[in-house]
Amino acid sequence: RLKGLILPTLSLSDQISDLEKINEGLKEGVFNAEQLKIIKLETSGLARLIAEGKQPNVPTDLAELRNKLLKQVIDVVDSNVV
């Protein structure tokens, strides 16, 4: 199910960095419908990975930041995607 997804394979700090960039892009409305679909796939894949506990040994503060950013992105994408 996670085959071909990039976000779940990145390091925690790269996930945070990418989620921050995605968040900014969402605020500025720079993504088209196709890009939003990809963001939705990537973020739901990452959320699934986290829910399954497949991201062991991550520093708690960074994991919390990543999870907060992930939730923000998912919330915005869900409200934008038709």
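Notes on the structure follow. All of these numbers come straight from a predicted model, not from anything done at the bench.

To continue, consider the packing of helix α2 (residues 33–51) against helix α3 (residues 60–80). Packing of α2 against α3 brings their axes to within 10 Å, and their N-to-C directions diverge by 140°. With respect to α3, the element α2 is oriented oblique. Between α2 and α3 lies a crossing of left-handed hand. Between α2 and α3, the residues in contact are Leu-36, Ile-39, Lys-40, Thr-43, Leu-46, Ala-47 and Ile-50 and Arg-66, Asn-67, Leu-70, Val-73, Ile-74, Val-77, Asp-78 and Asn-80, respectively. For the contact of α2 with α3, the class distribution of residues is 9 nonpolar, 3 polar and 3 charged.

Looking at the secondary structure, you find Lys-3 in the segment before α1 (12–28). Along the sequence, Lys-3 and Gly-45 sit 42 residues apart, while their C-alpha atoms lie 9.4 Å from each other.

On to the pattern of salt bridges. Close approach of charged atoms lets side chains of opposite charge pair. Scanning the entire structure with this criterion turns up 4 salt bridges. The partner of Asp-75 in a salt bridge is Lys-71, with the nearest N and O atoms 2.7 Å apart. Remark: Lys-71 and Asp-75 occur in helix α3; sequence separation between them is 4 residues, near one turn of the helix. Owing to a relative accessible area of 39%, Asp-75 belongs among the partly exposed residues under this scheme.

Conventions and cut-offs
- Residues numbered from 1 in each chain as written.
- Predicted model: local features only at pLDDT ≥ 70, side-chain atom pairs only at ≥ 80, totals over all residues.
- Heavy atoms only, no water.
- Axes fitted to C-alpha atoms, helices over the stretch in contact; angles between N-to-C directions.
- Helix = DSSP H or I, 4+ residues; strand = E, 2+ residues; numbered from the N terminus.
- Parallel < 35°, antiparallel > 145°, perpendicular 65-115°, else oblique.
- Left-handed = near helix turned anticlockwise from the far one by under 90°.
- Contact = heavy atoms within 4.5 Å.
- Nonpolar A, V, L, I, M, F, W, Y, C, P; charged D, E, K, R; others polar.
- Salt bridge = Lys/Arg side-chain N within 4 Å of Asp/Glu carboxyl O.
- Buried < 20%, exposed > 50% of the residue type's maximum accessible area, 1.4 Å probe, protein only.

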